[in-house]
Amino acid sequence: NDLFAQHANMRSLTRNGWKLIRDFEELGRDELYNLANDPGEQRNLIADTSPQTMAIRNQLDRYLCEQMDDIKDPLVPLARRLPLVDVYAIHDTNR
């Protein structure tokens, strides 16, 4: 089952065992979790460059934007314009 949620300037989508969280207030703080392998959401995979994870991330982001469109969310233009990024992963090579 799909679950779309919103809180303040954050939006999330849980689908097919994956969870994507977009933070539109603190840009660059997006999150992606494989809930089957990480039910406690401890390992953020947003910066994972494996082809499978990138494909899932992009699919979830497209679907999240569609859900936001359906409810006429005012953050849709921002969601479509901003790339998914984890600023901490860019600066933390031990991650």
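In what follows, the structure referred to is the one given above.
Residues numbered from 1 in each chain as written. Predicted model: local features only at pLDDT ≥ 70, side-chain atom pairs only at ≥ 80, totals over all residues. Heavy atoms only, no water.

## Observations concerning the side chain of Thr14
No. 1: Position of Thr14 relative to the elements: it lies in strand β2 (residues 10–15).
No. 2: The contacts of Thr14, once residues within four sequence positions are left out, are Asn1, Asp2, Leu3, Lys19 and Leu35. (Helix = DSSP H or I, 4+ residues; strand = E, 2+ residues; numbered from the N terminus. Contact = heavy atoms within 4.5 Å.)

## So, helix α1 (residues 51–70)
No. 1: Taking 1.5 Å of rise per residue, 20 residues should cover 28 Å, and α1 covers 29 Å from first to last C-alpha, within 8% of that figure.
No. 2: Where α1 is buried, its residues contact β1 (3–7), β2, β3 (18–23), β4 (31–34) and α2 (76–81).
No. 3: Phi turns positive one or two residues past the end of α1, at Lys72, with a value near 55°. (Expected span 1.5 Å × (residues − 1).)

## Focus: the environment of Asp30
No. 1: Tracing the backbone through its elements, the reader meets Asp30 in the loop between β3 and β4.
No. 2: Classification of Asp30 as buried rests on a relative accessible area of 3%.
No. 3: Along the primary structure Asp30 and Ser12 are separated by 18 residues, whereas in three dimensions their C-alpha atoms are 9.6 Å apart.
No. 4: A distance of 3.3 Å separates polar atoms of two side chains, one belonging to Asp30 and the other to Arg22. (Buried < 20%, exposed > 50% of the residue type's maximum accessible area, 1.4 Å probe, protein only. Polar contact = N/O pair within 3.5 Å; in protein donor to acceptor, adjacent residues only side chain to side chain.)

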